[in-house]
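Commentary on secondary and tertiary structure
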Amino acid sequence: MIHECLIDSSLNRLSAQFDRLVVVRPPATAAELAELEGMVGTLPRDLTIFLSTCNGLRVDLSATASDQHICCIHEIERMLDTTANPAAWVGVIPLRGLPETAMDWLVVQRGPAYGRVIHWHPWSCGASVLASGFGPYFSAWVDYLISHFDARGRPRSKARLVRFDASLVAKTDEALPGLQADEELQRWLRDLDLVVPSGADFE
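Things to note about the environment of threonine 101
By secondary structure assignment, the location of threonine 101 is in the loop between β4 (92–96) and β5 (103–107). By relative accessible area, threonine 101 is classed as partly exposed at 31%. Apart from residues no more than four positions distant in its own chain, threonine 101 is found in contact with His121 and Pro122.

Looking at the confidence of the model for the protein
Confidence along the protein averages 88 in pLDDT terms, with 87% of residues attaining 70 or more. The element-level mean pLDDT for the protein is lowest in helix α8 (residues 183–198), coming to 82, with strand β7 (residues 128–131) highest at 97. Segment residues 198–203: pLDDT under 50, and ten contacts once partners within four positions in sequence are set aside and those in other chains are kept.

With respect to the packing of helix α3 (residues 45–53) against helix α5 (residues 134–148)
Viewed as axis vectors pointing N to C, α3 and α5 meet at an angle of 55°, and their least axial separation amounts to 7 Å. By the angle class used here, α3 and α5 are oblique. From α3, Asp46, Leu47 and Phe50 reach across to α5, where they touch Phe134, Gly135, Pro136 and Phe138. The residue inventory of the contact of α3 with α5, partitioned by class, reads five nonpolar, one polar and one charged.

Thoughts on unusual backbone geometry
One non-glycine residue, aspartate 19, lies in positive phi territory at about 50°. Structurally, aspartate 19 can be placed in the loop between α1 (2–18) and β1 (22–24). Taking relative accessible area as the criterion, aspartate 19 reaches 52% and is therefore assigned exposed.

Regarding helix α4 (residues 73–80)
Across the eight residues of α4, six count as buried, placing the element largely inside the fold. Taken as a whole, α4 has its buried residues at Ile73, Glu75, Ile76, Glu77, Met79 and Leu80. Check the buried side of α4 and you find it contacts α2 (30–40), α3, β3 (69–70), β4 and β5.

Considerations on the pattern of salt bridges
Summed over the entire model, instances satisfying the criterion amount to five salt bridges. Between arginine 13 and aspartate 143 there is a salt bridge, with its nearest N and O atoms 2.5 Å apart. In this pair, arginine 13 is assigned in helix α1 and aspartate 143 in helix α5, connecting sequence segments 130 residues apart. Here arginine 58 and aspartate 60 are joined by a salt bridge, their closest N and O atoms 2.9 Å apart. Exposure remark for aspartate 60: the relative accessible area of 32% places this residue in the partly exposed category.

Some points on the packing of aromatic side chains
If you walk through the whole model with that rule in mind, you get eight aromatic pairs. When the ring of phenylalanine 134 is compared with that of phenylalanine 138, the centres are 5.7 Å apart and the planes differ by 10°; the resulting orientation is stacked. Here phenylalanine 134 and its partner phenylalanine 138 are both found in helix α5, four residues apart, which amounts to about one turn of the helix. Like phenylalanine 138, phenylalanine 134 is buried. Aromatic ring contacts, followed pair by pair, group Phe50, Phe134, Tyr137, Phe138, Trp141, Tyr144 and Phe164 into a single cluster. A cation sits over an aromatic face here: arginine 110 above tyrosine 114, 4.0 Å from the ring centre.

Section: the nonpolar core
One finds Phe50, Leu57, Phe134, Phe138 and Trp141 to be the most contacted residues of the largest nonpolar core, which totals 60 residues. No other element matches α5, which puts eight residues into this core. Each residue touching leucine 57, except ones within four places of it in the same chain, is listed here: Leu11, Leu14, Val23, Val24, Phe50, Gln68, His69, Ile70, Phe138 and Trp141.

About the criteria used
- All residue numbers here refer to positions counted from 1 along the written sequence of the relevant chain.
- With pLDDT at 70 or above as the cut-off, local features in this predicted model cover only qualifying residues; side-chain atom pairs require 80 or more to be listed or tallied, and sums for whole chains, interfaces and linings still use all residues.
- Only hydrogens and water are removed before side-chain values are computed, so all heavy atoms of the structure are retained for them.
- Secondary structure counts use DSSP, requiring at least four H or I residues in a row for a helix and at least two E residues in a row for a strand, with both numbered from the N terminus.
- Buried, partly exposed and exposed residues are distinguished by accessible area as a fraction of the type maximum, computed with a 1.4 Å probe on protein chains only: under 20%, between the cut-offs, and over 50%, respectively.
- The contact rule is simple, with two residues in contact once any of their heavy atoms fall within 4.5 Å.
- Known as pLDDT, the predictor's confidence for each residue is given on a scale from 0 to 100.
- Angles here are taken between N-to-C directions and fall from 0 to 180 degrees, while the axes themselves are lines fitted to C-alpha atoms, restricted in helices to the stretch in contact.
- Any angle from 65 to 115 degrees is called roughly perpendicular, while one under 35 is roughly parallel, one over 145 is roughly antiparallel, and all others are oblique.
- When residues are sorted by character, Ala, Val, Leu, Ile, Met, Phe, Trp, Tyr, Cys and Pro go into the nonpolar class, Asp, Glu, Lys and Arg into the charged class, and all the rest, Gly among them, into the polar class.
- One speaks of a salt bridge when a side-chain nitrogen belonging to Lys or Arg is within 4 Å of a carboxyl oxygen belonging to Asp or Glu.
- In summary, the pairing rule links any two rings of Phe, Tyr or Trp, Trp by its six-membered ring, whose centres are within 6.5 Å, and it sorts them by plane angle into stacked for under 30 degrees, edge-to-face for over 60 and tilted for everything else.
- In this scheme, the term charge over a ring applies when either NZ of a lysine or CZ of an arginine sits within 6 Å of the ring centre and within 35 degrees of the ring normal.
- In this description, a nonpolar core means a group of buried Ala, Val, Leu, Ile, Met, Phe, Trp, Tyr and Cys residues linked to one another through side-chain atoms lying within 4.5 Å.

Structure, rendered in structure tokens:
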């Protein structure tokens, strides 16, 4: 119930602020969800709820595309089907960002990081935990958009736009500080940085 309320309230707040600037895809079908799970394994519950409510969305803002778009199932599968992308074999799925840069990913590999959202560049180092789960991540992202853009999608400030990061998520994600200090999770993130350049097995 908590998951549903968080996803629904976040979507409602987003629509109330930006109205027609929010472009929501139709809900994913059971077949589409099953196909994705056949590729990556069991999805965290809050992502399943989101995709069953809207299969990805974008907000037409006058800013960089990486800040206005949450991936749909088709985009997730297309990226993971690209074997040249290290993300295809380390147990993460894309949520937001541009493929050639650091992106936000949801961990679907069973283990200490399962269900967490991380910020990571697949061809570089420095993976970090961004949110305790998709629900808190999505809620914080909506807060960010509402705080930094007006109803017409224009930045509220003429100064350089603040980047959406863990410091903003931590304002509402009470579990995040503990995860940032969790040794097992931090070891998983360090292993992610080590394994990707070599193509070694990741467990």
